[in-house]
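Chains, contacts and geometry: an overview
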Amino acid sequence: MQDITKKLVRDFRKKLLATPYRRGKGRAKRQRQPSTVNKTMRHLAAAISPLWPPDRHNSGGKGFVRLFEFPTALPPDKRLVFTFDRKAMSTLYETADHCRLVSQPHRRSPLYEPLVWRTAMALALNTGLRTWDLFALKWEDVRWDDFRHGSIFYCARKTGKDQRPPLNRVARVHLDALRAMNLDAERVFPKFGKNKSFYAAWRRICNAAGVYKPFEQFRKTCSTMHNDITRGVGAWLCGHSARGVNAQHYDNPSQRVRNAVYALKNPAAFRRGAKALLEMTGETE
């Protein structure tokens with residue numbers, strides 16, 4: 001049995017950084033970011049420290065492992081976060097028709113419905129949901145009469161926190177149109193899951209647009225664009241807790257969040273799409 005040493009822990013961390021991993025059932029492999037590795041190492045330290053000999057900081061230590069200095073945290077990756085610009089998002093919206101299979105144009109599935117993908121893009125940009133929180137939404141999660149245009153009330157899978165981002169006009173119009181399609185009585189995005197069909201459909205849209213990035217980049221774009229309007233709103237929409245006594249116990253950001261959400265200038269194609277959907281139903285702006 002190999003002893004747990006500083007060298008062993010360092011080698012494990014190097015392997016985490018160097019070894020690509022595959023998320024879900026997708027084909028693409030990606031490298032772990034330093035922040036992700038640091039988080040894993042913190043969990044590892046919490047598991048190893050009770051095995052060290054007891055001392056004044058670890059009175060319950062078992063003494064199974066010799067004490068060693070745990071590696072310090074890796075410095076953050078200083079590369080700028082990628083976000084979509086409005087032109088790229090408009091192009092992705094316009095190429096949503098390519099979600100369909102060319103070889104089987106008459107095959108029916110929500111994955112091959114352009115409006116479903118366009119609604120997903122509008123919601124991702126305007127609400128900041130994580131990709132698989134978004135695609136797991138149920139119609140009962142939509143609060144149609146909340147605030148000015150409604151809201152989404154859901155529990156984030158990653159954190160277990162309840163979130164209620166407000167909807168703006170563009171997002172609401174797309175949701176109304178999708179609901180009218182009656183694709184599924186329960187799920188907003190039926191058939192959307194971590195499978196080959198999902199990733200292949202998204203890849204077709206991206207290839208047609210000439211902008212291949214994971215769908216989750218919409219969430220980062222949401223945070224950045226809302227922060228450009230009012231600092232801190234992006235973090236709130238994405239469910240990242242504000243730090244400090246004042247932020248946690250004395251500040252209510254609800255009105256600032258709604259103002260920023262309503263003020264966000266959506267990509268031109270998103271706005272044109274919403275206008276066309278309204279015209280189809282005989283409504284006006």
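Presented here is an overview of the structure given in this document.

Each value, and the rule that gives it
Residues numbered from 1 in each chain as written. Predicted model: local features only at pLDDT ≥ 70, side-chain atom pairs only at ≥ 80, totals over all residues. Heavy atoms only, no water. Helix = DSSP H or I, 4+ residues; strand = E, 2+ residues; numbered from the N terminus. Contact = heavy atoms within 4.5 Å. Disulfide = S-S within 2.5 Å. Axes fitted to C-alpha atoms, helices over the stretch in contact; angles between N-to-C directions. Parallel < 35°, antiparallel > 145°, perpendicular 65-115°, else oblique. Left-handed = near helix turned anticlockwise from the far one by under 90°. Nonpolar A, V, L, I, M, F, W, Y, C, P; charged D, E, K, R; others polar. Expected span 1.5 Å × (residues − 1). Buried < 20%, exposed > 50% of the residue type's maximum accessible area, 1.4 Å probe, protein only. Salt bridge = Lys/Arg side-chain N within 4 Å of Asp/Glu carboxyl O.

Here we come to the environment of Lys158. One can find Lys158 in the loop between strand 5 (154–155) and strand 6 (162–163). Each C-alpha atom, one on Lys158 and one on Tyr112, is 28 Å from the other, the two residues being 46 residues apart in sequence. Those residues in contact with Lys158 that sit more than four places away from it in its chain are Lys39 and Arg130.

Right, let's get into the state of the cysteines. Tallied over the full model, the rule gives zero disulfides. Free of any disulfide, Cys99 has its nearest neighbouring cysteine sulfur in Cys206, separated by 12 Å.

Where helix 3 (residues 86–94) meets helix 4 (residues 114–127), the axes come as close as 9 Å, and the angle between the chain directions of the two elements is 155 degrees. In terms of axis orientation, helix 3 runs roughly antiparallel to helix 4. The interaxial crossing formed by helix 3 with helix 4 has right-handed handedness. Along the contact surface, helix 3 presents Met89, Leu92, Tyr93 and Glu94, while helix 4 presents Arg118, Met121 and Leu125. Taken together, the residues of the contact of helix 3 with helix 4 break down into five nonpolar, no polar and two charged.

As a further point, take helix 8 (residues 217–229). Between its first and last C-alpha atoms helix 8 spans 19 Å; for 13 residues at 1.5 Å apiece the expected length is 18 Å, and the two agree. Among the residues of helix 8, those classed as buried are Gln217, Phe218, Arg219, Thr221, Cys222, Ser223, Met225, His226 and Asn227.

A separate point is unusual backbone geometry. At Phe147, a position not held by glycine, the phi torsion is positive, near 55 degrees. Note on placement: Phe147 falls in the loop between strand 3 (142–143) and strand 4 (151–152). Of note in the backbone geometry, Lys191 takes a positive phi value of approximately 75 degrees without being a glycine. We classify Lys191 as exposed; its relative accessible area is 57%.

All right, on to the pattern of salt bridges then. Enumeration over the complete set of coordinates arrives at 10 salt bridges. The shortest N-O distance in the salt bridge between Asp11 and Lys7 comes to 2.9 Å. One end of the pair is Asp11 and the other is Lys7, both in helix 1 (residues 6–18) and four residues apart, which spans about a single turn. Asp11 gets classed as partly exposed once you look at its relative accessible area, which sits at 33%. One network of salt bridges, with partners in common, ties together Arg172, Asp176 and Arg179.

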